[in-house]
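What follows is the residue order along each chain.
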Amino acid sequence: MELSLVALKIHHKTTYRFNRLVNLWPHRLMLRPRESRDLHLISSQVTTTPNAVITWAQDVFGNAVATATFATMSSNLTIVSVAELQLHAVAWPVFDIAATALRYPFRYSDDEWTDLGALAIPQVADPKRRLQSWAQKFVRSNPTDTLSLLKDLSAGVSEETRYQSRDDEGTQSPTETLDRGCGSCRDFAVLFAEAARSLGFGARIVSGYLYNPDQQSVGSRDAGSTHAWAEVFVPGAGWITFDPTNRGVGGFNLIPVAVVRDIRQAMPVSGSFVGMTDSFAGMSVEVTVAP
């Protein structure tokens, strides 16, 4: 395995503009990178203008969640997250899959089924089984190699749909992405995760940042940006990272912030305000990921 150590600084700035003073309700922030064996967080700071009281907690998935509570009215809201970290990148990881799971279909243990819970159940209704039929075509034989199947499924997302950046909120359903033939990274992540679940795998969606220094990866205009991908649980190997947008496996250039069951649970900034109906003037997001 080729192991490299990369020191990175992430600057994430979200700005909301209002036409007049408004009351800001508490905002939920998911901006702190998720530490792991491969990611060492050196520092992380979140600041707001106007000032807020910021409290921290962990959600049911172990993600760091901040709540910003404001005491003054304002016509602007700026939230800035600055994080410094070390990424132990493995470009070509080797996965030590358990012998019982080398070939698909396989059976999770009773404990694994219990612990995976809703992560192994499709979250989007598919009454006509269109998504399951689409995913099933990547099962080349019975039995078939498990890792090859998952790699083919991930590659199939970008082979059959075109990447298209979308600034509007929300995520397409898997069938919408297939019908339209295009989608953003979050649409691709949902399509892959739901397809894997339809085949009986436990899967979770990951939100974070893409480090793209040579700008060869799809989904980033500069050296880095926010990004979404997915992980599949395979006995022995554990959670294996798949980036269907870039056909990547292992995530050597990915910085996770949140792992979730549903993409809606991973919004970096969410909150509300009280004001006149025409108070909201717009918002902007700036992200840099650099050495």
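Everything that follows concerns the structure shown earlier in this document.
Residues numbered from 1 in each chain as written. Predicted model: local features only at pLDDT ≥ 70, side-chain atom pairs only at ≥ 80, totals over all residues. Heavy atoms only, no water.

*Asks:* Which parts of the structure should I look at to understand the sheet that holds strand β4 (residues 52–58)?
*Replies:* For sheets, the rule is that strands pair by backbone hydrogen bonds, running either parallel or antiparallel. Read from one edge of the open sheet, 4 strands run β4-β5-β2-β16, paired in antiparallel fashion. Both outer strands of the open sheet, β4 and β16 (269–270), are each paired with one neighbouring strand and no more. Bridge analysis of β4 against strand β5 (residues 64–70) gives 7 bridges, and the strand direction is antiparallel. Residue Ala 52 lies in a different strand from β5, and its bridge partner there is Phe 70. (Pairing = 2+ DSSP bridges. Helix = DSSP H or I, 4+ residues; strand = E, 2+ residues; numbered from the N terminus.)

*Asks:* How do you make sense of the packing of helix α3 (residues 146–160) against helix α5 (residues 185–198) when you look at a structure like this?
*Replies:* Packed helices, taken two at a time, are described by their axes: the angle between them and the distance between them. Between α3 and α5, whose axes approach to 10 Å, the crossing angle comes to 145°. When the axes of α3 and α5 are compared, the crossing they make is right-handed. Residues Leu 150, Leu 153, Ser 154 and Val 157 of α3 touch α5, and the partners they reach there are Phe 188, Leu 191, Phe 192, Ala 195 and Ala 196. For the contact of α3 with α5, a count of residues per class yields 8 nonpolar, 1 polar and no charged. (Axes fitted to C-alpha atoms, helices over the stretch in contact; angles between N-to-C directions. Left-handed = near helix turned anticlockwise from the far one by under 90°. Contact = heavy atoms within 4.5 Å. Nonpolar A, V, L, I, M, F, W, Y, C, P; charged D, E, K, R; others polar.)

*Asks:* I keep staring at the pairing of strand β13 (residues 238–243) and nothing clicks. Help me out?
*Replies:* Working note: regular strand, side chains alternate between the two faces of the sheet. For β13, a buried count of 5 out of 6 residues is recorded, marking the element as mostly surrounded by other parts of the structure. The pairing of strand β12 (residues 224–234) with β13 spans 5 bridges and is classified as antiparallel. Opposite Val 232, over in β13, you have Ile 240 as the bridge partner. The turn linking β12 back onto β13 is made up of 3 residues, and Gly 236 within it adopts a positive phi angle of 95°. Sheet analysis places β13 next to strand β14 (residues 248–249), joined by 2 bridges and oriented antiparallel. (Buried < 20%, exposed > 50% of the residue type's maximum accessible area, 1.4 Å probe, protein only.)

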